[in-house]
Amino acid sequence: MDDTDIIWADAAELTAGARDGRLTVAQIAEAMIGRIRAVNPAINALVHLDEDRIHREAAALDAKRASGRPLGALFGVPYTHKELTPVAGVPHTLGFAFLKDRLAQHDAIVVERMRAADGLYLGQTNSSEGGYSAISHNRLFGATRNPWNLELSPGGSSGGAAAAVAAGIGPIAEGTDAGGSVRVPAAFSGVVGFKPTTGTIPHTLLPQRFVSNLSHGVLARSVADVVTTMDVCAGYDARDPLSRNGLGEPAGAGPEGWKIAYSPDLGFAEVDEEVAAICRSAVDAFTELGAEVVEATPDWERLQEAIWMGVCVPGFAGMRGALEWPSMRGQLADELIDLVLYGDDVTLAEVARGEALRGKVWDAFASFMTGHRLLISPTTTVAAFGAEAFAPDRYSGSSLRDRLFGWTLTHPFNMTTSPAISVPCGFTRDARPVGLQIAGRMNADHDVLAAAAAFERVRPWRDRRPPI
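Residues numbered from 1 in each chain as written. Predicted model: local features only at pLDDT ≥ 70, side-chain atom pairs only at ≥ 80, totals over all residues. Heavy atoms only, no water.

Caption draft 1: Broad picture of the sheet that holds strand β11 (residues 374-378). The eleven strands are arranged β1-β3-β2-β6-β8-β7-β12-β13-β11-β9-β10 in an open sheet whose pairing can be described as mixed. Bordering the open sheet on either side are β1 (46-49) and β10 (292-295), each of which pairs with just one other strand. Each adjacent strand pair in this sheet contributes to an overall mean axis angle of 30°, direction not counted. Sheet topology note: the β1/strand β3 (residues 120-125) ladder contains three bridges and is antiparallel. When the bridges of β3 are listed, H48 appears paired with Q124. Sitting on the sheet, helix α8 (residues 223-233) is in contact with β6 (172-177), β7 (192-195) and β8 (215-220), with an inclination near 140° to β8. (Pairing = 2+ DSSP bridges. Helix = DSSP H or I, 4+ residues; strand = E, 2+ residues; numbered from the N terminus. Axes fitted to C-alpha atoms, helices over the stretch in contact; angles between N-to-C directions. Contact = heavy atoms within 4.5 Å.)

Printed below as a string of structure tokens:
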């Protein structure tokens, strides 16, 4: 394998080559470092990189193989972590300029697991400040740019992770997803992004231990690489009270005979005509695969109010005492400051009503899914927009709530805590990637992954590479 082969190889190809001696991990490291030097200045995906560390860890992995010791499932596979995920001794700024010198004091659980699986850690990827929005720019590191078109955003908040994978900087990346932060950038960047059932990958990212809408997730160029990474990262850990025992039982070969719902807008969104047409055409693949596809939407109501008052506002109100927020204008994004301060004028009764609305969202979803194995939709209402923008142009002058949630179709499944994946399903006329979202029942992660893998077989995307 030459450097180009290594850059675009999937995890199975790389670890097989490293195990049988056709490759050394040092060779993989050199190819990755070369790729980072070549493309990262343009896309700004990695914001913390230590080439010496990559060399040291590659040498240690090669020495482990030479010793005959057992090798982990990700042996030699390059990967990144999101800047919001702590790696001990590595800068952990959350994208805040005033934290530029802060180092993480411990490893996140997912960091421990990926290292124990003998992966090759490349560095940390960019996001929005504190991961508060579905874009990836901040005052400390600037904007991450989409490898398909450098004028565009890769989405967010795991946009650095998605851009890195799309551009050939490692076949897999870890991200976090509290409202779509793995699936939105996957859709914008033409890669796969999986958010598992809450607790499948345990975490202690926040001091609040019962935040049920937040999860680690995986971005990759293939569904198989997502599955491999999930097998490493999933499983119970007592540090997370919401953690569960792995991915559950496998679903079988795929969606033949399943009843699948397709919702073109999830009942609340205004989807761009071209995006809607691409996604509608893509859903035909499931009919070809032997599924019964019907157009239907859960009978849920007031989704935006539920995510806003039941999840988002109280969640960010938890940050109120951390800073003197009004004085941070010019140092942090105004939208983040406004979001934190919004809680000052909200009563506990309003928060309780928001939580009740979230409960009704669950009731509608759970009832709907008794008659449907999967719920498929577009991932976003639009394809990628400008790299420096906060939201699509159509939301100029809209409320902060609508600018955050009006154009994504991902947040309902954070409220239900159930698994969802975005897979590439086509391109607009001007070559912007479009994502199709596949959501499943609670704990039915294998259903979602099996359906995504089947879709990938009949609508392959891996041969398409960005021009970067």
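And the narrative resumes.
Caption draft 2: The arrangement of a negative patch on the surface in detail. Together, D2, D3, D5, E13 and E30 make up a negatively charged patch on the protein surface. Assignment of secondary structure puts D5 in helix α1 (residues 3-8). (Patch = residues over 30% accessible without salt bridge, like charges linked within 9 Å, V, L, I, M, F, W, Y side chains within 5 Å. Areas by Shrake-Rupley, 256 points an atom, 1.4 Å probe, with all protein chains shown as cover. Salt bridge = Lys/Arg side-chain N within 4 Å of Asp/Glu carboxyl O. Lys, Arg positive; Asp, Glu negative; His and termini not counted. Charge placed at Lys NZ, Arg CZ, Asp CG, Glu CD.)

Caption draft 3: Up close: the nonpolar core. In terms of nonpolar packing, the biggest core is built from 108 residues, with F286 and L436 touching the most fellow members. Ranked by residue count, the leading element in this core is helix α10 (residues 303-317), at nine residues. Look past the residues within four positions of F286 in its chain and what remains in contact with it is P255, I260, A291, V293, I376, L436, I438, A451 and F455. Counting residues in each nonpolar core, the second largest holds 28 residues, with A29, I33, F75 and L120 among its members. (Core = buried A, V, L, I, M, F, W, Y, C linked by side-chain atoms within 4.5 Å. Buried < 20%, exposed > 50% of the residue type's maximum accessible area, 1.4 Å probe, protein only.)

Caption draft 4: Main features of the pairing of β3. By the criterion of burial, β3 is predominantly enclosed, with six of the six residues buried. Summarising the sheet, strand β2 (residues 78-82) and β3 pair through five bridges and their orientation is parallel. Residue pairing across strands places T80 opposite G123, the latter belonging to β3. At this point the chain moves from β2, through helix α5 (residues 109-116), to the parallel β3, and the crossover so formed is right-handed. (Right-handed = clockwise from strand over helix to strand, strands pointing away.)

Caption draft 5: Quick look at helix α11 (residues 334-342). Of all the residues in α11, the buried ones are E335, L336, I337, L339, V340 and L341. Tucked inside the fold, the buried residues of α11 contact α10 and α13 (400-405).

Caption draft 6: Spotlight on the side chain of H411. Within the element layout of this structure, H411 appears in the loop between α13 and α14 (412-415). In terms of polar contacts, H411 uses its side chain to reach the side chain of T408, at 3.3 Å. With residues near it in sequence (within four places) discarded, H411 still touches G179, F268, Q304, I307 and F405. (Polar contact = N/O pair within 3.5 Å; in protein donor to acceptor, adjacent residues only side chain to side chain.)

Caption draft 7: Layout of the packing of aromatic side chains. Counted by the stated rule, this structure contains 14 aromatic pairs. For the ring pair Y79 and Y121, a centre distance of 6.1 Å and an interplane angle of 45° mean the geometry is tilted. Placement of the pair is Y79 in strand β2 and Y121 in strand β3, with a sequence separation of 42 residues. For the pair Y79 and Y121, a shared accessibility class is recorded, and that class is buried. Both rings, one in W308 and one in Y342, keep their centres 5.1 Å apart while their planes meet at 70°; by these two values the pair is edge-to-face. Taken as a pair, W308 in helix α10 and Y342 in helix α11 lie far apart in primary sequence, 34 residues in all. Taking relative accessible area as the criterion, Y342 reaches 38% and is therefore assigned partly exposed. (Phe/Tyr/Trp six-rings, centres within 6.5 Å; stacked < 30°, edge-to-face > 60°.)

Caption draft 8: Region of interest: the pattern of salt bridges. Inspection of every chain in the model, using the stated rule, returns 23 salt bridges. Measuring nitrogen to oxygen at the nearest pair gives 2.7 Å for the salt bridge that ties D338 to R329. Given the relative accessible area of 38%, R329 is considered partly exposed. It is possible to trace a salt-bridge network through shared partners that takes in E112, D237 and R239.

From the geometry alone we can't say anything about function, so treat these as descriptive.
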